[in-house]
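Chain by chain, the residues run as shown.
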Amino acid sequence: MLDTQNAPAAVPALIRREEYRPPDWLVPEIALDFDLDAARTRVTARLMVTRNGVHDRPLRLDGDGLTPRAVRVNGVATTDWTLEAGVLVLPINGATAEVETEVEIAPETNTQLMGLYASGGLLCTQCEAEGFRRITFFPDRPDVLSRYRVKMAADKTLYPVLLGNGDLTGSGDLSGGRHWAEWTDPFPKPSYLFALVAGQLFANRDTFTTKSGKLVDLAIWVAEADLPKTHHAMDALKASMKWDEDVYGREYDLGQFNIVAVADFNFGAMENKSLNIFNSRYILADPDTATDMDYDAVAGVVAHEYFHNWSGNRVTCRDWFQLSLKEGFTVFRDQCFSADQGSAAVKRIEDVRVLRAAQFPEDAGPLAHPIRPDSYIEISNFYTATIYNKGAEIIRMLHTILGAEDFRKGCDLYFDRHDGTAATCEDFVRAMENASGRDLAQFRLWYGQAGTPRITAKISGETLILEQTLPETPGQTDKQPMLIPLRLALFDRATGGHAGEQLVLLDKARMELPLPSGGGRPVLSINRDFSAPIIVETDRTAEDLAFLSAHDDDPFGRYEAMQQLMLDTLVGAARDGAADHTAVVTAVGQTLANNALDPAFIGEAVLLPSEAFIGDQMAQIDPEAIHRAREALRRDLATRLAGQWEAAYHAHAAPRFHYTPEAKGARRLRNVALGYLAAAQADHAGALAFRQFEAADNMTDRLAALGTLANGDAVERPAALQAFYARYQDNPLVIDKWFSAQALSSRADTGAAVAALRDHPDFTLHNPNRVRALAGAFSMNQLHFHAADGGGYRFLADILLALDPINPQTAAKLLPPLGRWRRVDPARQALMRAELERILAAPGLSKDVFEQASKSLA
Ligand code: 0A1
Ligand code: ZN
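Residues numbered from 1 in each chain as written. Chains lettered and ligands numbered in written order. Predicted model: local features only at pLDDT ≥ 70, side-chain atom pairs only at ≥ 80, totals over all residues. Heavy atoms only, no water.

J.: Got a minute to help me understand the coordination of the zinc ion (ligand 2) in this structure?
T.: Around a metal, the perfect tetrahedron of four donors has angles of 109.5 degrees, and the perfect octahedron of six donors has angles of 90 or 180 degrees. Taken together, the protein donors to the zinc ion (ligand 2) comprise H304 (NE2), H308 (NE2) and E327 (OE), at separations of 1.9 to 2.0 Å. Around the zinc ion (ligand 2), the four donor atoms sit at angles spanning 98 to 128°, and that spread fits a shape best called tetrahedral. Every donor residue of the zinc ion (ligand 2) comes from the same chain, spaced as H-x3-H-x18-E. Placement of the pair is H308 in the loop between α2 (292-307) and β22 (315-317) and E327 in helix α3 (residues 323-341), with a sequence separation of 19 residues. Across the pair, exposure class does not vary: H308 and E327 are buried alike. (Donors = N, O, S within 2.8 Å, 3.2 Å for Na, K, Ca; no water. Tetrahedral: all angles 85-135°; square planar, octahedral: opposite > 155°, others 65-115°. Helix = DSSP H or I, 4+ residues; strand = E, 2+ residues; numbered from the N terminus. Buried < 20%, exposed > 50% of the residue type's maximum accessible area, 1.4 Å probe, protein only.)

J.: Would you mind showing me how to read the site of ligand 1 here?
T.: The immediate surroundings of ligand 1 are formed by 15 residues, with E128, E271, E305, E327 and Y388 found nearest. One nitrogen or oxygen atom from the side chain of H304 is found 3.2 Å from an oxygen atom belonging to ligand 1. Relative to its unbound accessible area of 370 Å², ligand 1 is 97% covered by the protein chains. Looking at the shell around ligand 1, the elements with two or more residues in it are β20 (269-270), α2 and α3. A class-by-class count of the residues in the shell around ligand 1 yields six nonpolar, four polar and five charged. (Near = heavy atom within 4 Å. Polar contact = N/O pair within 3.5 Å; in protein donor to acceptor, adjacent residues only side chain to side chain. Areas by Shrake-Rupley, 256 points an atom, 1.4 Å probe, with all protein chains shown as cover. Nonpolar A, V, L, I, M, F, W, Y, C, P; charged D, E, K, R; others polar.)

J.: Can you help me understand the sheet that holds strand β2 (residues 25-35) in this one?
T.: In sheet architecture, strand pairing relies on hydrogen bonds along the backbone and comes in two forms, parallel and antiparallel. Read from one edge of the open sheet, eight strands run β6-β5-β9-β3-β2-β12-β15-β14, paired in mixed fashion. Sheet topology places β6 (76-77) and β14 (167-173) at the edges, where each strand pairs with a single neighbour. Strand direction decides the pairing type here: strand β5 (residues 70-73) and β6, joined by two bridges, are antiparallel. Counted as the bridge partner of V73 is V76 from β6. (Pairing = 2+ DSSP bridges.)

J.: Please clarify how the pattern of salt bridges should be interpreted in this entry.
T.: A side chain with one charge may pair with a side chain of the opposite charge, provided their charged atoms come close. Evaluation of the coordinates by the stated rule reveals 72 salt bridges. Sharing partners across several salt bridges, the network here consists of R40, R42, R69, R72, E100, E102 and E104. (Salt bridge = Lys/Arg side-chain N within 4 Å of Asp/Glu carboxyl O.)

J.: Sorry if this is basic, but what is going on with the packing of helix α21 (residues 768-780) against helix α23 (residues 791-803) here?
T.: Two measures define how a pair of helices packs: the angle their axes make with one another and the distance between the axes. Direction vectors running N to C along α21 and α23 enclose 145°, while the axes themselves pass 10 Å from each other. When you trace α21 past α23, the crossing you get is left-handed. Judged by residue contacts, V771, L774, A775, F778 and S779 of α21 engage G792, F795, L796, I799 and L803 from α23. Of the residues in the contact of α21 with α23, the class split is eight nonpolar, two polar and no charged. (Axes fitted to C-alpha atoms, helices over the stretch in contact; angles between N-to-C directions. Left-handed = near helix turned anticlockwise from the far one by under 90°. Contact = heavy atoms within 4.5 Å.)

J.: Help me understand the packing of aromatic side chains in this model?
T.: For the structure shown, the criterion picks out 42 aromatic pairs. On the numbers, 6.2 Å between centres and 65° between planes, the contact of Y306 with F307 is edge-to-face. Judged by relative accessible area, which is 1%, Y306 ranks as buried. On the accessibility criterion, F307 (0% relative accessible area) is buried. Aromatic side chains F785 and Y793 sit 5.1 Å apart centroid to centroid with 80° between the ring planes, which places their arrangement in the edge-to-face category. Owing to a relative accessible area of 1%, F785 belongs among the buried residues under this scheme. On the basis of relative accessible area, Y793 is assigned to the buried category, the value being 0%. Above the ring of W821, the side-chain terminus of R833 is found at 4.6 Å from the ring centroid. (Phe/Tyr/Trp six-rings, centres within 6.5 Å; stacked < 30°, edge-to-face > 60°. Lys NZ or Arg CZ within 6 Å of the ring centre and 35° of its normal.)

J.: For this particular structure, what's the right way to read the state of the cysteines?
T.: What we call a disulfide is simply a covalent bond connecting the sulfur atoms of a pair of cysteines. Counted by the stated rule, this structure contains zero disulfides. In this structure C127 is not part of a disulfide, and its nearest cysteine sulfur, from C124, lies 10 Å away. (Disulfide = S-S within 2.5 Å.)

Take a look at the structure:
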């Protein structure tokens, strides 16, 4: 039973998409005045408000934790206002008015990191989605667009740099060691794109000349010591600006573009107009401290935020239900950008891996929602893999269905039509429809129906039979067949070739396609390049999969065949206790021996599916059996192909670090080989890893060696962990890796180790990166998170409960792994539910966590 006595005083309200109404009042202009101080910041806001339509409703200005110190209407002080659940309600006569409010806020005690807060010695803001209301009273919704003029004053020694949106339109000194700056943004924007930063910052400066010849000043602002780590981000920024011109015809629209890196940040980064604010982990990179994956992530996130200038800022969202309008589209754009910078095949494999690891479980669990949700309690909970990554897949399918040319026409039309306004997902689809002349009525179902479609593909005689089903998800039981673009090819076993790829649009529950007659039963390559975000079941044999893993000319198809072969083997082994590994060993051996393949691709293809993904294929997850099955296959591959792993390891040693696709690929394969060598428990693997750890001239190699050692019992393990800590103790981003390496270990003592790490002097609940490095990483550790005694669940719930009063957004993000209780055995189910109930019963629970926990138990 639920203890309702301790539930939040009132159950938080559900906001529904269908209840959208245009704003009663618009705010075409706002002037803000900040008297900045970490302990006490005075904010004066002057709003030009205009009545929107004919009505007599009062002006309602959102506020969160604010008390007005003064309210003036048309220059006259008034007390004719009320506060209703934080909202300032003011009667206004006439069609327009100038409304001024004054409030005081305390950035240094703002632990939620929403609104104006202190990070290190900086003052910075985060307003998406509803943080602006923690700074000043305002209609804090994305369909109210205003021109901003922002003046800030601060101590000149503590805050020598003062940054805002738009252009610097004035600055000067004040008495008492203070100074001021004024920033004016000519583009109307919603409040969630407002930003300011003040602090001791140093700039890496550069310029970019747009295709029409405008010079843009670029600056990346960081602590002075971090300046050498900003070059990769700067290169990525310039490459993104060029790419958006080349691929989408989109040019930058202001004279400056600033990026600031901060240490304490709830998400990855934020696209505030011309003043992007980043979690420092997505800016800072040098060979000694960042892995190749970090370098890729820096470039991807810099591109993502830059691309938002068009997909998000110039055209924004009407309401938060349309979040995927900007996020799905922008993720698709950053994925294509990254694919163009290196190996497109490997990038696609990585994107699909992320989708399957983060989004498929979401779609299959209690928090499933469509990419355009129908309701929410707390919008921060909807910055999900579904909105972002599945959203990107839906845009990619449009690209596939319409073709590159019509897709581009659709984008041009969308930007033309909606520039300077707040739009909807429907506006986007309609632009695509109008530009291409195609009917996308059925395609629209992807926006409203949650869940991952399951497709079966079977060859019967000379017919290919395709069937689709869409599982039930919370609140959605009756689903319609979707329009699913399937790239497929039929391989001839004898020649190893095919007669061309086709695009099949599966638009019914069942379709039969005639196959070319004669020539014997073909081998089916389907969902090539992962043309749709679906689960495919086929009647392909192990022999078919082995054939495709060696012959498919679609790199994703080749990877997929290998993964399927491994999965079939592993699921069988987890169920039956053992399996024949021969087909996998042969296929991996052949892939390793194929010199025509890119080493980066080989590195991906020979990796076993994660324990989580194996579990996702099973009716009931048995974490121990899965771990045993995967380890047995890993050991077998390691021993039976020992010579090939040794050869791969030594063939791909580079004398010196370079960040090129070739060098990255070599490091990838070499480190995968190291992992296998260690799995064989070869006596020398520990020594080999330790030697690599010590000799490495880059973080990719050093961390791979540390991970290998952290995961095993080699005598070198404690020395490596200690040396790593000693070397990087002053670099929080690297110390995060040290926490994660231990939290991800499969060693028997991991539960005790993470408990001890929580008490480590470097652990803090006030830095979201650190919380994720320990608790987030641990919750991904299938073996130990699901420890049979429930200790893993308790550990996560304890941290979550301790974090909720400090930072509810980040706390709520920790919860979903506990919500997957339906997937495990009854004993574990009871333990997981008990933790969810304990969370829900906690006094003063945030609505963020309440939403996640209550939905997870439903
Ligand atoms: N729009 C950002 C994501 C973001 C959302 C909320 C934030 O604060 C709580 C921060 C960033 C993006 O897509 O990058
Ligand atoms: Zn985004």
